[in-house]
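Understanding the architecture of this molecule
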Amino acid sequence: MNKLFVLPGCILFAFAACSSAPPYAAQAIEDDAEAMSNVVVADAELYDVIRVGKAGVERVPGSNQLKIAVPVRNIDDEAIQVLVQVSFLDGRRIPLGDDTNQQVKLIGPGSTLPIVVMSKMDTAQDWVMRISWNK
């Protein structure tokens, strides 16, 4: 009879021993979506209703600022409101502190909206655009 009560206790002790205590190892940024793509979407539901076209990237003559234009299409049958924010990066994808404010964009059903932004600094060489719902 005592064996029946000891077995659950041993199993519980074994599970408790397997869990680790803090501190925890941090997950690498290199595996993050922002390290792999210039445009990231913050929500799975939003991910299902937008498509992003090929970005146009150019230098502004005279100021050498980086100008990007990204076509964003709403494939849903209802209008959507999104927040768009862009961070400009150096050649190693390190943030420069050159970020745009979050901009509210209204995209009609089936419509494509070109999102155009420009860096403040001429040192920008790369960028990442974050798109999320406007709640």
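In this report, we go over the structure that sits alongside the text. (Residues numbered from 1 in each chain as written. Predicted model: local features only at pLDDT ≥ 70, side-chain atom pairs only at ≥ 80, totals over all residues. Heavy atoms only, no water.)

Description of the overall build of the protein
Note the following rule: Strands are runs of DSSP state E lasting at least two residues, helices are runs of H or I lasting at least four, and both sets are numbered from the N terminus onward. Throughout, exposure labels follow a simple rule: accessible area from a 1.4 Å probe, protein chains only, divided by the maximum for the residue type, with under 20% read as buried, over 50% as exposed, and the rest as partly exposed. By the convention used here, residues are in contact when the closest approach between their heavy atoms is within 4.5 Å. Surface accessibility follows the Shrake-Rupley procedure with a 1.4 Å probe radius. Residue values consider only the protein chains on display as shielding.
The helix and strand tally for the protein stands at three helices and nine strands. For the protein, the N- to C-terminal ordering of α and β elements is α-α-β-α-β-β-β-β-β-β-β-β. Across the 135 residues that make up the protein, the buried fraction comes to 25%. Counted over contacts in the protein with a minimum sequence separation of 6, partners at least 24 positions apart contribute 68%. Carbon and sulfur atoms form 58% of the exposed surface of the protein, whose accessible area is close to 9300 Å².

Overview of the nonpolar core
We count it as follows: Nonpolar core, defined: a set of buried Ala, Val, Leu, Ile, Met, Phe, Trp, Tyr and Cys residues in which side-chain atoms within 4.5 Å join the residues together.
W127, M129 and I131 are the most contacted members of the largest nonpolar core, which has 20 residues in total. For this core, the secondary structure elements donating two or more residues are helix 3 (44-49), strand 4 (66-74), strand 5 (80-89), strand 8 (112-118) and strand 9 (126-133). In terms of residues, this core owes the most to one element, strand 5, which gives five residues. Filtering out sequence-adjacent residues up to four positions away, I131 remains in contact with V39, V40, V41, A42, L46, I50, V72, V82, L83 and V84.

What is shown is where atoms sit, not what they do.
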